[in-house]
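What follows is the residue order along each chain.
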Amino acid sequence: MSGSSPAARLQQLFEGRRLTPTQRRIAHSMVRRAGDVPFLSSVELAELAGVSQPSVTRFAVALGFDGYPALRKHLREVAPTEPVSVPGGGDDAYNEYQQAVLGEIENLRHLAELLADPGPVERAGRLLAASRPLPVLGLRAASSQARGFGYFAAKVHPDVRVLDEGGSMLRDRIDAARRAGASALICFALPRHPREVVDALAYAQEQGMTVVSVADSAFAPVAKCSDLLIPAAVGTGLAFDTACAPMLLGRVLLEAMCDDLPDAQARLEEFDARAAARGLFVE
């Protein structure tokens, strides 16, 4: 693990662990502040995660350590020797709007580190390209991500079905996609996570579909009902979360999907020709 980033090393430490929702919250906070965590006390980590100090101690024990001091000692052994300054982490030189932007830059940096291993994205691209039709799920805060992905995917994929409305019809639409031949479903899951999304993904799996999820954390509630989850953090520095990293990850997945669609380029060229003939764009 010595050659990976602090955030990646933390992810590896948590992988395969059965964590409670409170423990997932602590883990998520640690990943977001990976460079600073080895130098935080249990009280400071508790404040960062919004949990109690005893919860941090129980979290360390759940990871197999005698207590938080042992966990921190382990992190210092595999982390840089000095704290990493995290953009948006409270530097008084920046106002709150600048800090929000810098926080998103840090999220994008973490995403770039994650994509150093292209394997999961390439696997997702193959799954999405092979599914006919391709359902794209995203409710509430994630609905815009689903619609954006679906808009571009429809230019290269022959049958894309955006599921951006919940209610009693959602399972019916999943059933219809499955009957039509869908083998995979991609879901965008962002805070706050609707229970309906978790239930819908579990149902899709029951019907034999492979679930690919883009979520704000590897410990998001949808993790338990995803066959492949790729995390991309959201920004929390403003009144409403910002989702630059999930949006960019969606575009990366589109690129990977295009690589496995042999006629993707031809479809794009055909669209451009029709758009020019119709005078669709002013450029």
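Please read all numbers here as calculations on a predicted model, not as lab measurements. (Residues numbered from 1 in each chain as written. Predicted model: local features only at pLDDT ≥ 70, side-chain atom pairs only at ≥ 80, totals over all residues. Heavy atoms only, no water.)

**Here's the deal with the pairing of strand S3 (residues 184-189)**
Thought 1: Most of S3 sits inside the fold, with 6 of its 6 residues counted as buried.
Thought 2: Burial along S3 is two-sided: the residues Ala184, Ile186 and Phe188 and Leu185, Cys187 and Ala189 are all buried.
Thought 3: In the sheet, strand S1 (residues 134-137) pairs with S3 via 2 bridges, with the strands oriented parallel. The residue bridging valine 136 from the neighbouring strand is isoleucine 186, located in S3.
Thought 4: Here S3 runs beside strand S4 (residues 210-215); their pairing, made up of 6 bridges, is parallel. Paired with isoleucine 186 across the bridge in S4 is valine 212.
Thought 5: Each parallel crossover has a hand, and the one from S3 via helix H10 (residues 195-206) to S4 is right-handed. (Buried < 20%, exposed > 50% of the residue type's maximum accessible area, 1.4 Å probe, protein only. Helix = DSSP H or I, 4+ residues; strand = E, 2+ residues; numbered from the N terminus. Pairing = 2+ DSSP bridges. Right-handed = clockwise from strand over helix to strand, strands pointing away.)

**Remarks on the packing of helix H1 (residues 6-14) against helix H2 (residues 21-32)**
Thought 1: Interhelical geometry of H1 versus H2 gives an angle of 160° and a closest axis separation of 8 Å. Between H1 and H2, the interaxial angle falls into the category roughly antiparallel. The handedness of the crossing between H1 and H2 comes out as right-handed. Mapping the contact onto sequence places Ala7, Leu10, Gln11 and Phe14 in H1 and Ala27, Met30 and Val31 in H2. (Axes fitted to C-alpha atoms, helices over the stretch in contact; angles between N-to-C directions. Parallel < 35°, antiparallel > 145°, perpendicular 65-115°, else oblique. Left-handed = near helix turned anticlockwise from the far one by under 90°. Contact = heavy atoms within 4.5 Å.)

**Focus on the layout of surface pockets**
Thought 1: There is about 1,100 Å³ of room inside the largest pocket.
Thought 2: Lining the largest pocket are 42 residues, and of these Gln11, Glu15, Ala218, Leu229 and Pro231 sit closest to its centre.
Thought 3: Looking at the lining of the largest pocket, the elements that each hand over two or more residues are H1, H2, helix H6 (96-114), helix H7 (119-130) and strand S5 (228-231).
Thought 4: Here the residues of the lining of the largest pocket are counted per class, giving 22 nonpolar, 10 polar and 10 charged. (1 Å grid on protein atoms, 1.4 Å probe; cavity = no way out; pocket = protein on both sides within 12 Å on 5 of 7 lines; lining within 4 Å. Points joined across faces, edges and corners; volume = space filled by probe spheres on them. Nonpolar A, V, L, I, M, F, W, Y, C, P; charged D, E, K, R; others polar.)

**Let's talk about a negative patch on the surface**
Thought 1: On the surface, Asp117, Glu122, Glu255, Asp259 and Asp260 cluster together into a patch of negative charge.
Thought 2: Relative to the helices and strands, aspartate 260 resides in the loop between helix H11 (244-259) and helix H12 (264-278).
Thought 3: With a relative accessible area of 35%, aspartate 260 lands in the partly exposed category. (Patch = residues over 30% accessible without salt bridge, like charges linked within 9 Å, V, L, I, M, F, W, Y side chains within 5 Å. Areas by Shrake-Rupley, 256 points an atom, 1.4 Å probe, with all protein chains shown as cover. Salt bridge = Lys/Arg side-chain N within 4 Å of Asp/Glu carboxyl O. Lys, Arg positive; Asp, Glu negative; His and termini not counted. Charge placed at Lys NZ, Arg CZ, Asp CG, Glu CD.)

**Let's talk about the pattern of salt bridges**
Thought 1: Taken as a whole and assessed by the stated rule, the structure comprises 7 salt bridges.
Thought 2: Close ionic contact of arginine 161 with aspartate 159 constitutes a salt bridge, the shortest N to O distance being 3.4 Å.
Thought 3: Note on aspartate 159: relative accessible area 26%, which makes it partly exposed.
Thought 4: The partner of aspartate 263 in a salt bridge is arginine 267, and the shortest N-O contact between them spans 3.2 Å.
Thought 5: We classify arginine 267 as partly exposed; its relative accessible area is 29%.

**With respect to the pairing of S4**
Thought 1: Most of S4 sits inside the fold, with 5 of its 6 residues counted as buried.
Thought 2: In the sheet, S4 pairs with S5 via 4 bridges, with the strands oriented parallel. Across the sheet, residue serine 213 finds its bridge partner in S5, namely leucine 229.

**Some details on the side chain of lysine 155**
Thought 1: Relative to the helices and strands, lysine 155 is located in the loop between helix H8 (143-153) and strand S2 (160-163).
Thought 2: Although lysine 155 is buried, it makes no salt bridge; aspartate 272 carries the closest opposite charge, 7.4 Å away.

**Some words on the packing of aromatic side chains**
Thought 1: Enumeration over the complete set of coordinates arrives at 5 aromatic pairs.
Thought 2: Between phenylalanine 14 and phenylalanine 219, the aromatic rings sit 5.4 Å apart at their centres with planes inclined by 70°, giving edge-to-face as the arrangement. Highlighted residues: phenylalanine 14 in helix H1 and phenylalanine 219 in the loop between S4 and S5, separated in sequence by 205 residues.
Thought 3: Exposure remark for phenylalanine 14: the relative accessible area of 1% places this residue in the buried category. (Phe/Tyr/Trp six-rings, centres within 6.5 Å; stacked < 30°, edge-to-face > 60°.)

**Overview of the nonpolar core**
Thought 1: Phe149, Ile186, Phe188, Leu249, Leu253 and Met257 are the most contacted members of the largest nonpolar core, which totals 29 residues.
Thought 2: Contributing elements (two or more residues each) for this core: H7, S1, H8, S3, S4, S5 and H11.
Thought 3: The element best represented in this core is H11, accounting for 6 residues.
Thought 4: Aside from chain neighbours lying at most four places away, what touches leucine 249 is Leu111, Leu115, Val121, Val214, Ile230, Pro231 and Ala232. (Core = buried A, V, L, I, M, F, W, Y, C linked by side-chain atoms within 4.5 Å.)

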